[in-house]
Amino acid sequence: MLVGMVSELPSKNCWTLAEQAGDIGPGRMQHLLSAAVVDEDGLRDDLRNYVIEHLGDADATLVVDETGDLKKGVHTVGVQRQYTGTAGRIENSQVAVYLTYATRAGHAFIDRALYLPKSWTSDPDRCTQAGVPADVRFATKPALAKQLIIDALDAGIRAPWVTGDEVYGGDPKLRGELEFRSTGYVFAVACDHHVTTATSRVRADVLARTLPPRAWQSLSAGDGAKGPRVYDWAWIEIGTDDDNAVPGCRWLMIRRNQRTGELAYYRCWNPRPVTLARLVKVAGRRWSTEENFQTAKTLTGLDQHQVRGWRSWHRWTLLAMLAHAFLTVLAVTEHALGPVPSDRIPFTRNEIRHLFAVLVMTPARVMIDRLHWSNWRRRHQHQARLYHYRRRGAATTVPG
């Protein structure tokens, strides 16, 4: 199944994976997902350890985010009409929270949790039919994220920072748990999020309007597909909302788009003082999970399952994450071998999957031709990147 998940099949489900494996039917694949004896927690731990072994860094960041998979019908576990960023609107979908481990070397998923809406948890018969364990209760997305983070930290993962979007930044219980564990965070918050200053409680956008021009600094939040993500940034020290809160340093950080002037807000905490550039770096790592969603769905079929039950969903996503981690580790290993030739980009997960599919899964008929096309693609992508960098540089240059 893992070999099929890293293949170039256009659609991945038990039928197509079984055909890829040479089976006469999908029964073996379906049995693996629904009925085989599998230590799922142990396999999750293996995935986590594999990622840490190859990407591990004392400066790691844990990134929490959710994604939705569009589904038809009403029987797939967790499905209902709900908002999903995948479609940008309310759709019949299944939503799950994922945890990414991100370092300078790379980033990959290490855990996930399926979100069960109240329409499911309040219907025991429906849950029983989908194989949902009897002890599963309704939990918000921030509550699911908190448990994923706790499990990772309790397993010994060293990650001094956590980041996520507004869904998680607005939850005081999640922030409080991280403060209790001395784990720093940089969470996005809404413009109407209230923070405590020396004089009063005030909205984030109102506080941002008090900043003088000299408060803003131009900093990069990391490299994107088209060059450095450069924004204007400012920060303001804030107080605690609770007299019994854990001591530490608290800030409201504001990001300003240099082209449109649009503002974004972040609530930050760390047990010790840090620089603004440090907080910006952590905020920038939030984009790693968006890239993971895109590549895992495209390359390893994370969202292509056609399973309905609780157990099958957890096993499918776990195997897809493992296949995705495999491609990530191969790419990182290639990068560590030495500098990339100046006329091409580094190996990507997409390129690694293609070469694995044609050189390992299928016996190579003319290997040199395969490598020639790999080099050609990477040179072409290198030229495209240079073009984007130059165009962006010209657009941001101020005359005089």
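Here, every reference points to the structure presented above.
Computed from a predicted model, the values in this text were never measured in an experiment.

The subject of this paragraph is the overall build of the chain. Broken down by element type, the chain carries 15 helices and twelve strands. For the C-alpha atoms alone, the extent of the chain along its principal axes is close to 70 × 60 × 40 Å. Among the 400 residues that make up the chain, the fraction classed as buried is 48%. When contacts within the chain are restricted to residue pairs at least 6 apart in sequence, long-range pairs at least 24 apart make up 64% of them.

Looking at the element boundaries, V332 is found in helix α13 (residues 310-336). The sequence separation of V332 and A105 amounts to 227 residues, and the corresponding C-alpha distance is 6.5 Å. Look past the residues within four positions of V332 in its chain and what remains in contact with it is H54, L55, A105 and G106.

Let's shift gears to the pairing of strand β6 (residues 184-189). When you tally the buried positions in β6, you get six out of six residues, the bulk of the element. Residues G184, V186 and A188 point to one face of β6 and Y185, F187 and V189 to the other, with burial holding for every one of them. Bridging between strand β5 (residues 161-164) and β6 involves four bridges; their strand directions are parallel. From the neighbouring strand, G164 faces β6, where its bridge partner is F187. Pairing analysis gives five bridges linking β6 to strand β12 (residues 263-270), with the strands arranged antiparallel. By the bridge assignment, Y185 is partnered in β12 with W269.

Mapped onto the elements of the fold, R126 is located in helix α6 (residues 124-129). Distance from R126 to Q94, taken between C-alpha atoms, is 15 Å for residues 32 residues apart in sequence. Beyond its immediate stretch of four places on either side in the chain, R126 contacts V74, V79, S119 and W120.

All right, on to the packing of aromatic side chains then. Enumeration over the complete set of coordinates arrives at eleven aromatic pairs. Summarising the aromatic geometry, the rings of Y98 and F293 are spaced 5.4 Å apart at their centres and angled 85° between planes, so their arrangement reads as edge-to-face. On the criterion of sequence distance, the pair formed by Y98 in strand β3 (residues 89-102) and F293 in helix α12 (residues 287-299) is long-range, its members being 195 residues apart. For Y98, a relative accessible area of 1% corresponds to the buried category. Plain terms: the ring middles of Y231 and W233 are 6.1 Å apart, the flat faces sit at 80° to each other, and that makes the pair edge-to-face. This pair shows no difference in class: Y231 is buried, exactly as W233 is. Over the aromatic face of Y231 sits the side chain of R255, whose NZ or CZ is 4.7 Å from the ring centroid. Directly above the aromatic system of F293 lies the positively charged group of K297, at a separation of 6.0 Å from the ring centroid.

Our focus in this paragraph is the layout of surface pockets. Space inside the largest pocket adds up to approximately 1,600 Å³. Along its surface, the largest pocket is lined by 42 residues, and H107, D223, G224, E291 and R385 are the ones closest to its centre. Listing elements by their share of the lining of the largest pocket, those giving two or more residues are β9 (217-224), α11 (276-284), α12, α13, α14 (349-361) and α15 (367-396). Looking at the lining of the largest pocket, the element that brings in the most residues is α12, giving eight residues.

This brings us to the nonpolar core. Of all hydrophobic cores here, the largest spans 70 residues; its most connected members are L62, V77 and I149. By residue number, the principal contributor to this core is α13, which donates 13 residues. In contact with V77, other than residues within four places in its own chain, are Q94, L114, L116, W120, A130, V132, R308, G309, W310 and W313.

In this section: the pairing of strand β4 (residues 107-114). Most of β4 is tucked away, with eight of its eight residues classed as buried. Looking at chain direction, β3 and β4 are connected through seven bridges and run antiparallel. Residue pairing across strands places A102 opposite H107, the latter belonging to β4. Where β3 hands over to β4, the hairpin turn is made up of four residues, counted between the paired strands.

What follows deals with the packing of helix α4 (residues 40-55) against α13. Where α4 meets α13, the closest approach of the two axes is 10 Å, and the angle between their N-to-C directions is 15°. Taken together, α4 and α13 sit at an angle that is classed as roughly parallel. The handedness of the crossing between α4 and α13 is left-handed. On α13, the residues touching E40, L43, R44, L47, Y50, V51, H54 and L55 of α4 are R311, H314, R315, L318, L319, M321, L322, A325, F326, T328, V329 and V332. The class makeup of the residues in the contact of α4 with α13 is 13 nonpolar, three polar and four charged.

Conventions and cut-offs
Residues numbered from 1 in each chain as written. Predicted model: local features only at pLDDT ≥ 70, side-chain atom pairs only at ≥ 80, totals over all residues. Heavy atoms only, no water. Helix = DSSP H or I, 4+ residues; strand = E, 2+ residues; numbered from the N terminus. Buried < 20%, exposed > 50% of the residue type's maximum accessible area, 1.4 Å probe, protein only. Contact = heavy atoms within 4.5 Å. Pairing = 2+ DSSP bridges. Phe/Tyr/Trp six-rings, centres within 6.5 Å; stacked < 30°, edge-to-face > 60°. Lys NZ or Arg CZ within 6 Å of the ring centre and 35° of its normal. 1 Å grid on protein atoms, 1.4 Å probe; cavity = no way out; pocket = protein on both sides within 12 Å on 5 of 7 lines; lining within 4 Å. Points joined across faces, edges and corners; volume = space filled by probe spheres on them. Core = buried A, V, L, I, M, F, W, Y, C linked by side-chain atoms within 4.5 Å. Axes fitted to C-alpha atoms, helices over the stretch in contact; angles between N-to-C directions. Parallel < 35°, antiparallel > 145°, perpendicular 65-115°, else oblique. Left-handed = near helix turned anticlockwise from the far one by under 90°. Nonpolar A, V, L, I, M, F, W, Y, C, P; charged D, E, K, R; others polar.

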